[in-house]
Amino acid sequence: MKLEGDQLLSADPQTVWAALFDRDVLAEAIPGCESLEQLSETEFTAVVKLKIGPVSARFKGAVTLSDIVPGQSCTLSGKGSGGVAGFAKGAAQVMLVPEEDGTRLSYDADIAVGGKLASLGNRLLGATAQKLTEAFFRNFSDALAQPEEARPT
């Protein structure tokens, strides 16, 4: 499944870049995130509880950032397992472009799913992925709007 889009964020590129690598901001922004642990500057593990159609599962996974051009772009690669619900894996290229009103974050992702999730069909998976993406950016934008000292720790 392919996901692509962009979002205008009301913060400068340096602030958006720092937030993309901030464990606390990400934990608040990821829908269903129960825990997020930063293993290194470029590696995270997470537990996320999601309901996709009739399937509810707790996914345990890992994300690695690579191809990093500071302040401009990176690749996020990840995989997660939801037990009998199945698995998901994928990669997303993320790019930041300064704009007059903030920063345009664009993404281009390829995601593969297996197990029960794969049986749900592309239409339901696509709609759910779009809903989760919108929730992430809404939460991420809200976190960026908070003064840094007021962000969760």
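Presented here is an overview of the structure given in this document.

Rules behind the numbers
Residues numbered from 1 in each chain as written. Predicted model: local features only at pLDDT ≥ 70, side-chain atom pairs only at ≥ 80, totals over all residues. Heavy atoms only, no water. Helix = DSSP H or I, 4+ residues; strand = E, 2+ residues; numbered from the N terminus. Rg over C-alpha atoms; globule rule 2.2 N^0.38 Å. Buried < 20%, exposed > 50% of the residue type's maximum accessible area, 1.4 Å probe, protein only. Contact = heavy atoms within 4.5 Å. Areas by Shrake-Rupley, 256 points an atom, 1.4 Å probe, with all protein chains shown as cover. Lys, Arg positive; Asp, Glu negative; His and termini not counted. Charge placed at Lys NZ, Arg CZ, Asp CG, Glu CD. Expected span 1.5 Å × (residues − 1). Core = buried A, V, L, I, M, F, W, Y, C linked by side-chain atoms within 4.5 Å. Arc of directions from axis to C-beta. Polar contact = N/O pair within 3.5 Å; in protein donor to acceptor, adjacent residues only side chain to side chain. Pairing = 2+ DSSP bridges. Disulfide = S-S within 2.5 Å. Axes fitted to C-alpha atoms, helices over the stretch in contact; angles between N-to-C directions.

What follows covers the overall build of the chain. Counting its regular elements, the chain contains three helices and seven strands. Listing every helix and strand of the chain by position from the N terminus yields β-α-α-β-β-β-β-β-β-α. For the chain, whose C-alpha radius of gyration is 15 Å, the value lies close to the compact-globule estimate of 15 Å for 153 residues. For the chain, the C-alpha atoms occupy an extent of roughly 45 × 30 × 25 Å along the three principal directions. Here the chain holds 153 residues, and the buried ones make up 36% of them. Long-range pairs, those at least 24 residues apart, make up 47% of the contacts in the chain with a sequence separation of at least 6. Counting only carbon and sulfur atoms, one obtains 53% of the accessible surface of the chain, whose full area is about 8600 Å². When the 14 basic and 20 acidic side-chain charges of the chain are each reduced to a single mean position, those positions are 15 Å apart.

A few words on helix α3 (residues 122-145). The terminal C-alpha atoms of α3 lie 34 Å apart, and with 24 residues this matches the ideal 34 Å at 1.5 Å per residue to within 8%. By the burial criterion, the buried members of α3 are Leu125, Thr128, Ala129, Thr133, Ala135, Phe136, Phe137, Phe140, Ala143 and Leu144. Contacts from the buried residues of α3 go to β1 (2-9), α1 (13-20), α2 (23-29), β3 (43-52) and β7 (102-114).

By size, the foremost hydrophobic cluster in this structure holds 39 residues, and its most contacted members are Val16, Leu20, Leu105, Phe140 and Leu144. The greatest single-element share of this core, amounting to seven residues, is contributed by α3. Once residues within four sequence positions are removed from consideration, Val16 is found in contact with Leu9, Ala11, Leu96, Thr103, Leu105, Phe140 and Leu144.

Moving on, we come to α1. Among all positions in α1, only Pro13, Val16, Trp17, Ala19 and Leu20 are buried. The buried residues of α1 occupy an angular sector of 165 degrees when the element is viewed end-on, so they sit on one face. At the N-terminal boundary of α1, the capping side chain belongs to Asp12, with an oxygen 3.1 Å from the backbone nitrogen of Gln14.

Our focus in this paragraph is the pairing of β7. Where β1 lies against β7, eight bridges are found, and the strand directions are antiparallel. Along β7, the bridge assignment pairs Lys2 with Asp110. The sheet contact formed by strand β6 (residues 87-99) and β7 spans 13 bridges and is antiparallel. From the neighbouring strand, Val94 faces β7, where its bridge partner is Tyr107. Taking the residues that link successive antiparallel strands as the turn, the β6-β7 hairpin has two residues.

For the structure shown, the criterion picks out zero disulfides. No disulfide involves Cys33; its sulfur sits 18 Å from the nearest other cysteine sulfur, which is in Cys74.

With that out of the way, let us pick up the sheet that holds strand β2 (residues 33-40). Taken together, seven strands build an open sheet; the order of strands is β1-β7-β6-β5-β4-β3-β2 and the sheet is antiparallel. Each having just a single partner strand, β1 and β2 make up the two edges of the open sheet. Neighbour to neighbour, the strand axes of the sheet diverge by 25 degrees on average, direction disregarded. Of the strand pairs in this sheet, β3 and strand β4 (residues 55-69) are connected by ten bridges, and their pairing is antiparallel. Residue pairing for β4: Lys51 is matched across the bridge by Ser56. Against the sheet, α1 contacts β1, β4, β5 (73-81), β6 and β7, and its axis sits at roughly 160 degrees relative to β6. Here α3 sits on the sheet in contact with β1, β3 and β7, set at roughly 20 degrees to β1.

All right, on to the environment of Gly115 then. For Gly115, the position within the fold is in the loop between β7 and α3. A sequence separation of 33 residues divides Gly115 from Gly82, and the C-alpha atoms of the two residues are 9.2 Å apart.

Bringing the side chain of Thr128 into the picture now. Note that Thr128 resides in helix α3. Apart from the residues lying within four places of it in its own chain, the contact partners of Thr128 are Lys51 and Ile52.

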